[in-house]
Structures are given as structure tokens and as C-alpha cells.
Amino acid sequence: MSRWLPFSCVDGPGNRLVLFLQGCNFRCPGCHNPHTIGLCDHCGDCVPGCPSGALTLHEGRVSWQEASCTHCDACLEACPRSASPKTRQMSVAEVLALLRRYGPLLTGITVSGGEATTRLPFVIALFTAIKGAPDLAHLTCLLDSNGSLAEPGWQRLLPVLDGAMIDLKGWGESVHLALTGRGRARVLASLHLLAAHGKLAELRLLQVPGRSDYLDAAGELGEGLATFLQTLGRVPIRLNGFRHHGVRGAALAWSEAGGDELVALAKALKEKGFGPVMLPAL
């Protein structure tokens, strides 16, 4: 696991405990958490640059001493795999203990990433344990995902899943490929399946100036996207604008999304009857 937050009001409705799992199967150049993409291969490149000596290489494995760490993130900059050595293993029992510690103040739990579904057995075991615990069963279990999970995986997860928040970072195949490193077919299939089961908690659209293709040349919602959204029924849509925060590499030269662009996209969606549409705090 990359990290966890005891309280969050931006990762689903209410007040939520959030787990950020390490590892992602997308390679989004504009990722604002790039250190969660890769898995540490214990190359040791991060060890010499750690100013606090919190990282050591012993018997071919990098070890992180959390008590010594100042979280300067020098190790994240040094890693050639976009991985973090500052991870830890957590069992289902340990997560349940956290939920019991903060439970009276929580609405639920959200498992995010990286990409949470790359750790599907853990997620299923965790949600199953929560649903089976009388003192925790009131908590909702949400997933923040890129939508890449295949149907058999979703079918295993659905019985213990209250909802999923799915990113659709580009409409056309070429745009989606450019913005994520992967095609869109799995994402569209996941959105259909979740909507059909009433478990599409939120569809998220990312506006990247000069690269996104949700609107046509006339500034109206693209016909293909509009037709697809109609098949989902009425689902909440959250708009996010591209920002440079946390981004590395070539995407730092991309323009950030302005408020006017997001408002225009929201207007186009509402005019077609989609939504509710939620804008970020600008």
C-alpha cells in the first residue's frame, strides 16, 4: 500500500477512510500521483540520495524506516520506475482495526490507487469482511478505478461493492490511448456493466486543453459520446481539470484547464440532459 488517509471528503460521499494501493496498469503521462504507478524492484537507486538515511539496501532489498523518514520525496524523484519505496503491507485485519478506530466518524471506505483492481483478491476480501462485521456493515465500500477490470473480475466484486467511481479520460480511441497508454474498450465495458447493476457511483471526465475530445468543433457534446452516455442512464458526472500538481515529464508543458472550459463542458452535458454534473472547486 502506498498510503492511507483516516478522513477524506473528496473520495466519495461523506467522510471516508481511503486506501491508496501501489501499482497501476495505465501509464497516464498527466498522472498527478506518478509514484503510485510502478512496483519497487529493489534496484537501490533511491538509497544513496536519501538525506535522512531512512532507506537501506540489505540482501538485495530496499528497506524503509518510517520513523527516520522526513518525507522529502527525494526517493520518488530518483526512481526510474515511478515507484515508491515508502510502502507497507497491510492485512485485512489491520484495515478493519483502522475502521473500528475511526468508525464513528466515517461514512465508508474508498479503495484507490494506483489502480485498486490490480489487487482484486485483497479488495474482495476486505469488502467481504466489512459487510460481514455487524459493527462495520453500515460503512459503504467504494472503489476508485480506471475501469480496466474485465467482466469476470467485476462479477466477483459486485456482491460486496456499493459503488465505483470510474475515469473516462478520453472519448476517441486515439485520444484515450494518448492520455492513458491504453485503449478504451475495457473502460466502456466497465461503465456499462456497473451502470446496469446500479453501481456506477460516478463517471469522471478529465479536461485537458487541446487534447480532450468530449466537445466537437462547434463546442457541443460529441455525438458518439452523447449516444454512449444515454446508454448509461442517469449517473453523476464529475469534471476534473488537468493540473500540473505532481506531474512529471512532458505533461508539465501541457496547458492547465481553465474554469471556462469546464463550465462549457458542464453546460454541454446539461443541455443533453446528463448529470448531475459536478465541477471542481476552481
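Because the structure is predicted, anything quoted here is derived from the model rather than measured.

J.: Can you help me understand the overall build of the chain in this one?
T.: Scanning the chain from terminus to terminus reveals 8 helices and 10 strands. Taken over C-alpha atoms, the radius of gyration comes to 20 Å for the chain, in line with the 19 Å a tight globule of 282 residues would show. Taken over the C-alpha atoms alone, the chain extends approximately 60 × 50 × 35 Å along its principal axes. A burial count over the chain gives 49% of its 282 residues as buried. Excluding contacts between residues fewer than 6 apart, the proportion of contacts in the chain whose partners are at least 24 apart in sequence is 64%. Working note: accessible area of the chain is about 13200 Å², and carbon and sulfur atoms make up 55% of it.

J.: Looking at this structure, how should I read the state of the cysteines?
T.: Simply put, the disulfide is a covalent bond whose two ends are the sulfur atoms of two cysteines. All told, the structure shown has 0 disulfides when counted by the stated rule. Among the cysteines around C46, which has no disulfide bond, C75 carries the closest sulfur, lying 6.0 Å off. Looking at C46, the relative accessible area reads 9%, which means it is buried. Among the cysteines around C79, which has no disulfide bond, C43 carries the closest sulfur, lying 6.1 Å off. When its relative accessible area of 18% is taken as the criterion, C79 is described as buried.

J.: Whenever I open this one, the domain arrangement of the chain confuses me. Can you help?
T.: Put simply, an interface is often sized by how much accessible area is lost when its parts join up. In terms of domain boundaries, the chain breaks down into domain 1 (3-33 + 87-278) and domain 2 (41-78). Computed over C-alpha atoms only, the centres of domain 1 and domain 2 are separated by 31 Å.

J.: Please explain the side chain of E115 as it appears in this structure.
T.: Locating E115 in the fold gives a position in the loop between β5 (108-112) and α3 (120-132). Here E115 sits buried without a salt bridge, and the closest side chain of opposite charge, K169, lies 8.5 Å off (N-O distance). Reaching out from E115, the side chain makes a polar contact with the side chain of T117 at a distance of 2.6 Å. Those residues within four positions of E115 in sequence are excluded, and the remaining contacts are G23, C24, N25, D144, S145, N146 and S148.

J.: Looking at this model, I keep getting lost on helix α7 (residues 223-232). Mind explaining?
T.: Every α-helix winds through 3.6 residues per turn, so residues three or four apart in the chain are directed the same way. For α7, every residue scored as buried is listed here: L225, A226, F228, L229 and L232. Viewed end-on, α7 has its buried residues packed into an arc of 165°, placing them on one side of the element. For α7, the exposed residues lying more than 90 degrees away from the buried face are E223 and Q230. Close packing links the buried residues of α7 with β7 (163-168), α6 (185-196), β8 (200-207) and α8 (259-271). In the segment just after α7, G233 is the residue with positive phi, at about 80°.

J.: Where do I start with the pattern of salt bridges in this structure?
T.: Side chains that carry opposite charge are capable of pairing whenever their charged atoms lie near each other. Tallied over the entire structure, the rule returns 9 salt bridges. Between D73 and K86 there is a salt bridge, and its shortest N-O distance comes to 2.7 Å. With D73 in the loop between β4 (61-64) and α1 (74-78) and K86 in the loop between α1 and α2 (92-102), this pair connects stretches of sequence that are 13 residues apart. Accessibility expressed as a relative area gives 32% for D73, which makes it partly exposed. The class of K86 is buried, set by a relative accessible area of 10%.

J.: I keep staring at α8 and nothing clicks. Help me out?
T.: Between its first and last C-alpha, α8 extends 18 Å over 13 residues, near the 18 Å set by a 1.5 Å rise per residue. Among all positions of α8, only L262, L265, A266, A268 and L269 are buried. Considered in projection along α8, the buried side chains sweep an arc of 160° and stay on one side of the axis. Across from the buried face of α8, at angles greater than 90 degrees, the exposed residues are D260, K267, K270 and E271. On its buried side, α8 packs onto β8, α7, β9 (237-241) and β10 (277-278). Immediately downstream of α8, the backbone of G273 shows phi near 85°, a positive value.

J.: I keep staring at the packing of aromatic side chains and nothing clicks. Help me out?
T.: Geometrically, a pair of aromatic rings is defined through the distance of the ring centres and the angle of the planes. Within the structure shown, the criterion is met by 4 aromatic pairs. Seen in terms of ring centroids, W171 and F228 are 5.5 Å apart; in terms of plane orientation they differ by 40°. Their pairing is tilted. Taken together, the residues W171 in the loop between β7 and α5 (173-180) and F228 in helix α7 connect sequence positions 57 residues apart. Summarising the aromatic geometry, the rings of F242 and W254 are spaced 5.4 Å apart at their centres and angled 50° between planes, so their arrangement reads as tilted. Residue F242 is found in the loop between β9 and α8, and its partner W254 is found in the loop between β9 and α8; the two are separated by 12 residues along the sequence. The exposure class assigned to F242 is buried, which follows from its relative accessible area of 3%. An aromatic cluster of at least three residues, connected via ring pairs, comprises W4, F7 and Y102. Across the ring face of F20, the terminal group of R3 is positioned such that the distance to the ring centre comes to 4.4 Å. The residue whose ring lies beneath R184 is W171, and the NZ or CZ to ring-centre distance is 4.4 Å.

The rules we used
- Numbering of residues begins from 1 in every chain and follows the order in which that chain's sequence is written.
- Per-residue local features of the predicted model are confined to residues with pLDDT of at least 70, and side-chain atom pairs are confined, for both listing and counting, to 80 or more; whole-chain, interface and lining totals are unaffected and use all residues.
- Side-chain calculation: all heavy atoms of the structure are included, whereas hydrogens and water are not.
- Going along the chain from the N terminus, every DSSP run of H or I of four or more residues is numbered as a helix, and every run of E of two or more is numbered as a strand.
- Note on method: radius of gyration uses C-alpha positions; expected globular size equals 2.2 Å times residues raised to 0.38.
- To sort residues, take the accessible area from a 1.4 Å probe on protein chains only and compare it with the maximum for the residue type: under 20% means buried, over 50% means exposed, and anything in between is partly exposed.
- Between two residues, a contact is recorded if the distance between any of their heavy atoms is within 4.5 Å.
- Only the protein chains shown count as cover for residues, with accessible areas throughout obtained via the Shrake-Rupley method and a probe of 1.4 Å.
- Disulfide: a pair of cysteine sulfur atoms within 2.5 Å of each other.
- Segment limits for the domains were obtained from an automatic or database-derived domain assignment.
- The sign given to each residue is positive for Lys and Arg and negative for Asp and Glu; His and the chain ends receive no count.
- Salt bridge criterion: a side-chain nitrogen from Lys or Arg within 4 Å of a carboxyl oxygen from Asp or Glu.
- Residues adjacent in sequence count toward polar contacts only when both atoms are side-chain atoms; beyond that, a polar contact is any pair of N or O atoms within 3.5 Å, and within protein one must be able to donate a hydrogen and the other to accept it.
- As used here, the arc belongs to the directions running from the helix axis to the C-beta atoms.
- One fewer than the residue count of a helix, multiplied by 1.5 Å, yields its expected span.
- Pairs were defined over the aromatic rings of Phe, Tyr and Trp, the Trp ring being its six-membered one, requiring ring centres within 6.5 Å. Orientation was assigned from the angle between planes: stacked under 30 degrees, edge-to-face over 60, tilted for the rest.
- Only when the NZ atom of a Lys or the CZ atom of an Arg is both within 6 Å of the ring centre and within 35 degrees of the ring normal do we say a charge sits over the ring.

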